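# Chains, contacts and geometry: an overview
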Amino acid sequence: MSASGTKTPGTTALGRIVGVDVGGTFTDLFYYDETAGAFRTAKVSSNRGDEAVGFIEGLKSFGALSDLSSVVHGTTVGTNALLERKGAKVGLITTAGFRDVLEMRRRDRRNTWGLWGDFVPVVDRDFRLEVGERVLADGTIREAVDPAEVARVADRLLAMGAEALAIVFVNAYANPANEMAALEVAKAVWPNDNVTASSQILPEIREFERTSTTVLNAYLQPVVGGYLGKLDAALKADGFTGKFHIVQSNGGVMSTQTARRLPVRTALSGPAAGVIAAAAIAEAAGFPNVITGDLGGTSFDVSLVADGKTALAAQTTIDFGLVIRTPMIEISTIGAGGGSIAHVDAGGMLQVGPESAGSRPGPVCYGQGNDRPTLTDANVVLGRINAAKPIGGKGRSLDVEAAKAAILTHVAEPLGLGEMEAAEAIVRIADGKMAGAIRLVSIERGHDPADFAAVPFGGGGALHAGALIKDVGLKAALVPRFPGVTSALGCVIADVRHDQVQTVNLLLSSLDADALGARMRAEAAEARAVVDAAGLSTERVDVQFELDMHYLGQTHTIAVPLPGDAAEGLTAGDVKAAFETAYQKTFSRLLDGIDARIVNLRTAAIGRRPRFDLATLAPEAGSTVEAARRESRPVWFDGAWHDTAVYDRLSLPVGAVICGPAILEQGDATTVVDPDLDARVDGFGNLILERRP
């Protein structure tokens, strides 16, 4: 949504806030005192399976938890539960005749050819039960729901072992009365709070998308709710009395109460926080067009930012058939992270990922029991990662010889290569996969990479910045001051946001603009109330409106932003002009003489957080390049050893220029400057990597 709507003052109370991004290998933290303008960072090992341990350990590094006013968390718990199919056992109560909507989908299939498919919905067919009810598309109730039947069906699902319940009636978006009546009956029967109705989750036309989103929300409720409850209890046990918040997939922040009610909105929580921070850093540095790349332990997450704006998608497919219709930052994910395992496949081809060693046991060099080489092992063997000073504060040095032996056994010998050539091949294969992901969000969508800079972050992104510049043809790479904790920084600076949608089904030719304006004001008040209840300090609350519209006879809608304070004094002419502007921009022509339909009204309330001055991150005056230089060591580039200068990156002054080859080390990440690249430090402490003239 890009058009501004109404603005109201926000709350201005400032405090001490910590952003926490829990990844598969490390938990990253960014502490910011809003009053003093001071910050600190931390990086601790994640405790897979009991993330609260690493979470609390990291927070305690900043002092007493009782001194913190708020904690904002970016989480991948929902994402992992969907990808690994480890959600709750869900029961579905639906309208008679609509039991199989989840399997029919949009008549798409994983395998295009043939008469069979292998898609398994998250709700087994035995757990999808029907009841008699019918609401027509105009909202008329043809058949009222029978409360006794709903109670019998809910009891049956409970007896079968269902842990969560979703209620989806076919036209509940037009009139939720039957669905709400069924919900009240089900709540009286159900032993927990994991009961949801589609009109509460997505009151929007199209039964598949509404059913899928509602069911996935129920699928995640016990998982995400349990995880957040455990963290909340651990925080309180250690004296935390402030507010605990979660980053949404749209890049905004919501309260944990909202997250427990709408966990489906956390599906891309962690990656979204990183994109928000990367976009803010890049715009401040003078790079409005960037492609972000978050390289963690298990994945590489890519997103495109054009003209300083992140791209929001109305719906996202997490995995085949798992469709979530809620605004999300467009992020493409591939299985290429530091823990991605390198292997030679049956055809004799070297592959890297998608299988990952994760944090347990982790790469071979961690010495925790893994014997298969990973991307991190290759970077260690090539000398790009300092084995004596691993990131994340690991207590012991990395085992270079074990990494070499694993590469020799699993890659070099099967391919007839030397160990160094094999290690470099692993890195190049991973670089190629990352470059392919960047091309997917740029070239294949009509963008010229030469107009964009890469913003690599995460623990491993800066190791591969040079390769991405050269492989894709990007104009530069901008490495943030603290790349390893960029997602945690995003948690701190992200705005508070709440999105909602309502199907209205109105013809433009007979539009009652006053009635639509009244509905917009009601939606705005409801969305604003959710933002206000979050309890984070905000300078103001902006409300934005957008209509989904199409010409009659069309099935697909376009997004139509409404200008200014659209809810006040709205006219049919305003709506028509906005629609024609959006349609002309999308298709370069208009369809004369054809009426248009308003399908949905979308409303977003955005609580603007106090501005974070990124200049705070800049290095202190008085340092010199010579003082920042630590040593030289041999590093392998392009088939040969190169004597390479090693610098303490955080000691480099503003304006410093480092000619490659060079290694820049810091506690949360390592930056590699290839032999044919130069790096300079800008006024915010970012590193700008560019090809040497």
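Residue indices begin from 1 for each chain and proceed along its sequence in written order. Local features are withheld for residues below a pLDDT of 70 in this predicted model, meaning they are given only at 70 or higher, and side-chain atom pairs are given and counted only at 80 or more; totals for whole chains, interfaces and linings count all residues. To obtain the side-chain values, all non-hydrogen atoms of the structure were included, while hydrogens and water were left out.

All right, on to the overall build of the protein then. For the protein, the count of helices and strands is 17 helices and 36 strands. The reference for a compact globule is 2.2 Å times residues^0.38; the radius of gyration itself is calculated from the C-alpha atoms. In summary, the protein has a C-alpha radius of gyration of 26 Å against a globular reference of 26 Å for 693 residues, a match within 12%. Judged by the C-alpha coordinates and their principal axes, the protein covers about 80 × 55 × 55 Å. The classification of residues rests on relative accessible area computed with a 1.4 Å probe and restricted to protein chains. Under 20% of the type maximum is buried, over 50% is exposed, and intermediate values are partly exposed. Per-residue burial for the protein yields a buried fraction of 56% across its 693 residues. Throughout, a residue-residue contact means that at least one pair of heavy atoms, one from each residue, lies within 4.5 Å. Taking as baseline every contact in the protein between residues at least 6 positions apart, the subset at least 24 positions apart corresponds to 69%. Counted charges follow a simple rule, with Lys and Arg positive, Asp and Glu negative, and His plus the chain ends left uncounted. Charge positions are represented by NZ for Lys, CZ for Arg, CG for Asp and CD for Glu. Of the charged side chains in the protein, 66 are positive and 83 negative, and the gap between their average positions amounts to 1 Å. The way it works is that DSSP assigns letters per residue, a run of H or I at least four long becomes a helix, a run of E at least two long becomes a strand, and they are numbered from the N terminus.

Looking now at the pattern of salt bridges. Salt bridge, as applied in this entry: a Lys or Arg side-chain nitrogen positioned within 4 Å of an Asp or Glu carboxyl oxygen. In the structure shown here, the tally under the stated rule is 29 salt bridges. Of the charged contacts in the structure, one is a salt bridge between Asp648 and Arg630, with a shortest N-O distance of 3.2 Å. With Asp648 in strand β31 (residues 640–648) and Arg630 in strand β30 (residues 629–637), the pair connects residues that are 18 residues apart, well separated along the chain.

A separate point is the packing of helix α11 (residues 400–415) against helix α12 (residues 419–441). The angle between the axes and the distance between the axes are what describe a pair of packed helices. One way to put it is that α11 packs onto α12 with a least axis distance of 9 Å and a crossing angle of 80°. Taken together, α11 and α12 sit at an angle that is classed as roughly perpendicular. Of the residues in α12, those in contact with Lys404, Ile407, Leu408, Val411 and Ala412 of α11 are Glu419, Ala422, Ala423 and Ile426. In terms of residue class, the contact of α11 with α12 is made up of seven nonpolar, no polar and two charged. To obtain an axis, a line is fitted to C-alpha atoms, over the contacting stretch when the element is a helix, and the angle between two such axes runs from 0 to 180 degrees between their N-to-C directions. Throughout, the term roughly parallel applies to angles under 35 degrees, roughly antiparallel to angles over 145, roughly perpendicular to angles from 65 to 115, and oblique to all others. In this count, Pro and Cys sit with the nonpolar residues alongside Ala, Val, Leu, Ile, Met, Phe, Trp and Tyr, while Asp, Glu, Lys and Arg are called charged and the others, Gly among them, polar.

A word on the environment of Asp512. One can find Asp512 in the loop between β26 (496–507) and α15 (513–534). Spatially, the C-alpha atom of Asp512 lies 9.6 Å from that of Leu570, the residues being 58 residues apart in sequence.

On to helix α13 (residues 465–472), then. Across the eight residues that make up α13, a large majority, six, are buried. Those residues of α13 lying buried are Ala465, Gly466, Ala467, Leu468, Ile469 and Val472. At the exit of α13 stands Gly473, carrying a positive phi of roughly 90°.

Attention now goes to the sheet that holds strand β10 (residues 164–168). With respect to topology, four strands assemble into an open sheet ordered β7-β6-β10-β11, the strand pairing being parallel. Only two strands of the sheet have a single partner each, and these edge strands are β7 (128–131) and β11 (195–197). Shown here is a sheet whose adjacent strand axes are inclined to one another by a mean of 20°, direction ignored. Sheet topology places strand β6 (residues 90–95) next to β7; four bridges connect them, and they run parallel. Along β7, the bridge assignment pairs Thr95 with Val131. This element, helix α4 (residues 147–160), spans β6, β7 and β10 of the sheet and lies at about 170° to β7. Strand pairing is assigned whenever DSSP identifies at least 2 bridges connecting the two strands.

One ladder, built from three bridges, connects strand β25 (residues 476–479) with strand β36 (residues 687–691); its direction is antiparallel. The residue bridging Ala477 from the neighbouring strand is Leu689, located in β36. Two elements, strand β35 (residues 677–681) and β36, share five bridges in a ladder whose sense is antiparallel. Of the residues in β36, the one forming a bridge with Arg680 is Ile688. Connecting β35 to the antiparallel partner β36 that follows it, the hairpin turn spans five residues, and Gly685 within it adopts a positive phi of roughly 90°.

Moving on to the packing of aromatic side chains. Any two rings among Phe, Tyr and Trp, with Trp reduced to its six-membered ring, count as a pair given centres within 6.5 Å; such a pair is stacked if its planes are under 30 degrees apart, edge-to-face if over 60, and tilted if neither. The final tally for this structure, using the stated rule, is 11 aromatic pairs. For the pair Phe55 and Phe244, a centre-to-centre distance of 6.1 Å together with 75° between the ring planes defines the contact as edge-to-face. A residue pair is termed long-range when its members are at least 10 positions apart, and Phe55 in helix α1 (residues 51–60) and Phe244 in strand β12 (residues 243–247) qualify at 189 residues. Overall, the relative accessible area of 6% leaves Phe244 in the buried class. Each ring, one from Tyr551 and one from Phe579, has its centre 5.0 Å from the other, and the planes form 75°; the classification is edge-to-face. Of the two residues, Tyr551 sits in strand β27 (residues 540–551) while Phe579 sits in helix α16 (residues 572–587), which places them 28 residues apart along the sequence.

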